[in-house]
Amino acid sequence: MAGLLRGVARTAVISGTATAVSNRVSRRQAGRWAQQDRERQLAYEQQAAPPPPPAAQAPPAPPSAADDMTSKIDQLKQLADLKAQGVLSDEEFAAQKRRVLG
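Each value, and the rule that gives it
Residues numbered from 1 in each chain as written. Predicted model: local features only at pLDDT ≥ 70, side-chain atom pairs only at ≥ 80, totals over all residues. Heavy atoms only, no water. Helix = DSSP H or I, 4+ residues; strand = E, 2+ residues; numbered from the N terminus. Buried < 20%, exposed > 50% of the residue type's maximum accessible area, 1.4 Å probe, protein only. Areas by Shrake-Rupley, 256 points an atom, 1.4 Å probe, with all protein chains shown as cover. Salt bridge = Lys/Arg side-chain N within 4 Å of Asp/Glu carboxyl O. Expected span 1.5 Å × (residues − 1). Patch = residues over 30% accessible without salt bridge, like charges linked within 9 Å, V, L, I, M, F, W, Y side chains within 5 Å. Lys, Arg positive; Asp, Glu negative; His and termini not counted. Charge placed at Lys NZ, Arg CZ, Asp CG, Glu CD.

Quick word on the overall build of the chain
Part 1 of the argument: Within the chain, the secondary structure is distributed over three helices and zero strands.
Part 2 of the argument: Along the chain direction, N to C, the helices and strands of the chain fall in the order α-α-α.
Part 3 of the argument: Counting across all 102 residues of the chain, residues that qualify as buried make up 4%.
Part 4 of the argument: Surface accessibility of the chain: about 9,100 Å² in total, with carbon and sulfur atoms responsible for 59%.

Side note on the pattern of salt bridges
Part 1 of the argument: Tallying each qualifying case throughout the model produces two salt bridges.
Part 2 of the argument: Ionic pairing is found between R40 and D37, a salt bridge with its closest N-O pair at 3.7 Å. One end of the pair is R40 and the other is D37, both in helix 1 (residues 2-48) and three residues apart, which spans about a single turn.
Part 3 of the argument: For R40, a relative accessible area of 55% corresponds to the exposed category.
Part 4 of the argument: Exposure remark for D37: the relative accessible area of 46% places this residue in the partly exposed category.
Part 5 of the argument: The partner of K83 in a salt bridge is D90, with the nearest N and O atoms 3.3 Å apart.

Quick look at helix 3 (residues 90-101)
Part 1 of the argument: When the terminal C-alpha atoms of helix 3 are compared, their 16 Å separation across twelve residues agrees well with the 16 Å that a helix rising 1.5 Å per residue should span.
Part 2 of the argument: Backbone geometry just downstream of helix 3 places G102 in the positive-phi region, at approximately 90°.

Here we look at a positive patch on the surface
Part 1 of the argument: Together, R24, R27, R28 and R32 give the surface a local cluster of positive charge.
Part 2 of the argument: By the secondary structure assignment, R27 is in helix 1.
Part 3 of the argument: For R27, a relative accessible area of 57% gives the class exposed.

A short note on a nonpolar patch on the surface
Part 1 of the argument: A surface patch of nonpolar side chains, amounting to about 390 Å² of accessible area, comprises M1, L4 and V8.
Part 2 of the argument: Mapped onto the fold, L4 is located in helix 1.

Right under this line is the structure:
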């Protein structure tokens, strides 16, 4: 009877140890999987996050009459320089001048 009791006790110890090791491995693996899931979720959220909306810009102010006149004068001066250099003919200069002046 002592031999039978010793065999049963030995089996119980081995079974208990195996169960404890198995549970520890399962918990460790579950922790690793949970960490991987968190990392994947974070990467997905960062990837799927829409870019921030662009800052609102005020529309450009309409040119004032003085600015418009200065711009036209500058364009006419450039055209006159091109004509003086021989790049534009008299006809081309006249056509561009009409375009600038409207």
